[in-house]
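Architecture at a glance
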Amino acid sequence: MIIANWKANGDIKSNKAWCNQLIVRMSNRGLKSIGIAPSFIHFNQIKNAFINNDIKVGFQDIDIDGGARTGSISPSMAVDSDCSFCLIGHSERREIFNEDNNIISKKYKMLVKSHIKPVLCIGESFEEFKAGKTEQKLQTQIQECIQGNISSENLTIAYEPIWAIGSGNTPKPKDVNTIHEFIKDVVQSASENNLRPQVLYGGSVNKSNAADFFVEKNIDGALIGGASLDADIFSDIIEIYSRHKEK
Ligand code: PGA
């Protein structure tokens, strides 16, 4: 799957042009295996723009409950809006909004309960990467966020090294492949039904490096920030994905 993470970008006029362009560009291929995570305020606009297409529209985050929680979007609102998936644990949420594995595990549990696919984002800092602590960090994040609560219909993991996000720097695709295999092993050994999850790579994916990632066996797709804001570039990446993963 390829997911566009728009973060706090977009406006009604440019979103409309973006959706129209994607539909034109994807007229032969269709829009399966593609997700878009716009801001909450643009969710319905994007959902309606693709009403006749096989595209998944999701949230970038969710709260753990509803009711007296000013400013929040609750899991039941996500269900009511027909939200297909939800990112949780993005490093920007962890850093800017002080989210830790404990709160992310509550979000994960609520999504599983609500039958919304969680896309759990994990990743190490540059210091951890340099110190050879990547696997240790990822294993802790997975175990503390999912706490053995694994459901096979759901759970996708997005591996996003923090130092690669929006920086133009990326790890070597072969190294990412090895890390994805490790992530699948960690989830599988914690899973009652032998689940090996889809693992997406995120962090400065663009149309020049996408093929190098998608050629790798354990890289099942991508979570794309900056490069997803341009419909043409995003379409180019989808075409590269199709060539490598939908043969
Ligand atoms: P980027 O963002 O593609 O701009 O590096 C990825 C992400 O934060 O999900």
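Residues numbered from 1 in each chain as written. Predicted model: local features only at pLDDT ≥ 70, side-chain atom pairs only at ≥ 80, totals over all residues. Heavy atoms only, no water.

Okay, the site of the ligand next. The immediate surroundings of the ligand are formed by 13 residues, with Lys7, His90, Glu160, Gly166 and Ser204 found nearest. Side-chain polar atom of His90 to an oxygen atom of the ligand: 2.7 Å apart, as the coordinates give it. A distance of 2.7 Å separates an oxygen atom of the ligand from a polar backbone atom of Ser204. Of the residues that constitute the shell around the ligand, the class distribution is 4 nonpolar, 7 polar and 2 charged. (Near = heavy atom within 4 Å. Polar contact = N/O pair within 3.5 Å; in protein donor to acceptor, adjacent residues only side chain to side chain. Nonpolar A, V, L, I, M, F, W, Y, C, P; charged D, E, K, R; others polar.)

As a further point, take the environment of Glu99. Within the secondary structure layout, Glu99 lies in the loop between α4 (91–96) and α5 (101–113). Considered as a pair, Glu99 and Gly89 are 10 residues apart in the sequence and their alpha carbons are 7.3 Å apart. Aside from chain neighbours lying at most four places away, what touches Glu99 is Asp61, Arg93, Arg94, Ile104 and Lys107. (Helix = DSSP H or I, 4+ residues; strand = E, 2+ residues; numbered from the N terminus. Contact = heavy atoms within 4.5 Å.)

Let us now look at the environment of Asp54. Assignment of secondary structure puts Asp54 in the loop between α2 (43–49) and β3 (56–57). Residue classification places Asp54 among the partly exposed positions, given a relative accessible area of 43%. Apart from the residues lying within four places of it in its own chain, the contact partners of Asp54 are Leu31 and Lys32. (Buried < 20%, exposed > 50% of the residue type's maximum accessible area, 1.4 Å probe, protein only.)

Attention now moves to the environment of Lys113. Within the secondary structure, Lys113 is located in helix α5. With a relative accessible area of 64%, Lys113 lands in the exposed category. In sequence terms Lys113 and Pro75 are 38 residues apart; their C-alpha atoms lie 9.2 Å from each other.

Without other data, these values stay purely geometric and don't point to any function.
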